[in-house]
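# Observations on the three-dimensional arrangement
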Amino acid sequence: MLLTYVDESYDKDRYWMVALVVAERHLRPLHSALDSVVRKAADSYPVAPEAELHGHALVQARDDWQRLGNKGRNMVRARIGIYGDAMKAIGSHDVQVIVRGLDLSAYRSHQNAPGRHPSPHQLVLRHLLEQICDQVETRDELALVIADEIDGADDHRRHFRDYQMTGTGGSISSTLPCLVDTIHFAPSKASRLLQAADLIAYLHRRLLSGQDGDSRARRANETLWSFVEPRVVHQRCWAPQQQGGEGA
């Protein structure tokens, strides 16, 4: 059985979702490795050992990381170092990373066409589930999907059930035969593995957005991404008017 942890990150241009696929035997080791990252930080800085590894909070020194908010270079380097330790921990385990995105500008234009159009979250999640199932099928496994808490969880569970019964639709419809039960939603605060998905999703979105004009920040983010890049098995952003129809 594979466990798949899902989180999203988005801006005005693109909506991204990431799936972190982890085999059962790697769950405890990865969880322990991420706990160790935070414990190491707590030994050196004013951080609680149970602090959440949250991408935005860590980069911006918010929430559990606000006491590392000194603008001096040492604190910036400390936060980058902690982020790096977490990404190294993820990349050093036998995991797979799946990334799906949606070009929001193209999708807004597409929405002017007649018919009903799902929300960006629903659409990207559907494409992500299809890709997870394709990846899991190559391993002759089954997978359970666990996602970060979000408003409308009941709707997403209902959509998931509909997909399993009648298919996902689009040009290549799937009943998601490799995905079991339902989508389980959990608070990221309580799950190191959801936190891992968040770290990947936030960094990926930040890199592709080009929002870091400072070349040093860009290089730092590229270095962080290099720790998990070998684990990425699929990465795609859908732009409706370029491809015509809904394809995964």
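Here, every reference points to the structure presented above.
Quick notes on the rules
- Residues numbered from 1 in each chain as written.
- Predicted model: local features only at pLDDT ≥ 70, side-chain atom pairs only at ≥ 80, totals over all residues.
- Heavy atoms only, no water.
- Helix = DSSP H or I, 4+ residues; strand = E, 2+ residues; numbered from the N terminus.
- Rg over C-alpha atoms; globule rule 2.2 N^0.38 Å.
- Buried < 20%, exposed > 50% of the residue type's maximum accessible area, 1.4 Å probe, protein only.
- Areas by Shrake-Rupley, 256 points an atom, 1.4 Å probe, with all protein chains shown as cover.
- Lys, Arg positive; Asp, Glu negative; His and termini not counted.
- Charge placed at Lys NZ, Arg CZ, Asp CG, Glu CD.
- Pairing = 2+ DSSP bridges.
- Axes fitted to C-alpha atoms, helices over the stretch in contact; angles between N-to-C directions.
- Contact = heavy atoms within 4.5 Å.
- Parallel < 35°, antiparallel > 145°, perpendicular 65-115°, else oblique.
- Left-handed = near helix turned anticlockwise from the far one by under 90°.
- Nonpolar A, V, L, I, M, F, W, Y, C, P; charged D, E, K, R; others polar.
- Expected span 1.5 Å × (residues − 1).

### Re the overall build of the chain
Along the backbone of the chain there are nine helices and six strands. Against the globule reference of 18 Å for 248 residues, the chain gives a C-alpha radius of gyration of 18 Å, in line with a compact fold. Across its three principal axes, the chain shows a C-alpha extent of roughly 55 × 40 × 30 Å. Buried positions account for 50% of the 248 residues belonging to the chain. Only carbon and sulfur atoms are counted for the fraction: they give 46% of the accessible area of the chain, which is about 11900 Å². Here the chain holds 30 positive side-chain charges and 32 negative ones, and the gap between their average locations is 7 Å.

### So, the sheet that holds strand E6 (residues 232-238)
Spatially, the six strands line up as an open sheet ordered E5-E4-E1-E2-E3-E6, and their pairing is mixed. Two strands lie at the open edges of the sheet, namely strand E5 (179-186) and E6, each paired on one side alone. The average undirected angle you get between the axes of adjacent strands in this sheet is 20 degrees. As judged from the nine bridges shared by strand E1 (residues 2-10) and strand E2 (residues 14-23), these two strands associate in the antiparallel manner. The residue of E2 that forms the bridge with Tyr 10 is Tyr 15. Its contacts with the sheet put helix H7 (residues 192-209) on E1, E2, strand E3 (95-103), strand E4 (143-148), E5 and E6, and the angle it makes with E1 is roughly 40 degrees.

### Observations concerning the packing of helix H3 (residues 73-91) against H7
Running from N to C, H3 and H7 point in directions that differ by 110 degrees, and their axes come no closer than 10 Å. As summarised for this structure, H3 and H7 are arranged roughly perpendicular, according to the angle between their axes. Along this stretch, H3 crosses H7, giving a crossing that reads as left-handed. Contacts between H3 and H7 involve Tyr 83, Ala 86, Met 87 and Ile 90 on the former and, on the latter, Ala 196, Leu 199, Ile 200, Tyr 202 and Leu 203. Within the contact of H3 with H7, the residues separate by chemical class into nine nonpolar, no polar and no charged.

### Observations concerning the pairing of E2
Across a regular strand the side chains alternate sides, sitting on one face of the sheet and then on the other. Extensive coverage of E2 is indicated by the burial of nine of its ten residues. The loop that links E1 with its antiparallel partner E2 comprises three residues. As judged from the nine bridges shared by E2 and E3, these two strands associate in the antiparallel manner. Within E3, the residue paired with Val 22 across the bridge is Val 95.

### Observations regarding unusual backbone geometry
Although it is not a glycine, Ala 61 adopts a positive phi angle of roughly 55 degrees. Residue position: Ala 61 is located in the loop between helix H2 (55-60) and H3. Relative accessible area serves as the criterion here: at 11%, Ala 61 is assigned to the buried category. At Asp 181, a residue that is not glycine, the phi angle is positive and equals roughly 60 degrees. Inspection of the secondary structure puts Asp 181 in strand E5.

### Regarding the packing of helix H5 (residues 120-138) against helix H6 (residues 153-166)
In a packed pair of helices, the relevant descriptors are the angle between the two axes and the axis-to-axis distance. Contact geometry of H5 with H6 gives a least axis separation of 12 Å together with a crossing angle of 45 degrees. One finds that H5 runs oblique with respect to H6. Once H5 is placed against H6, the crossing between them reads as right-handed. When H5 is examined against H6, the residues His 121, Gln 122, Leu 125, Arg 126 and Leu 129 are found in contact with a partner set consisting of His 156, His 159, Phe 160 and Tyr 163.

### Describing H5
With 19 residues, H5 should cover 27 Å at 1.5 Å per step; its first-to-last C-alpha distance of 27 Å lies within 8% of that length. Most of H5 is tucked away: 15 of the 19 residues are buried. Two residues or fewer after H5 comes Asp 140, characterised by a positive phi angle close to 55 degrees.

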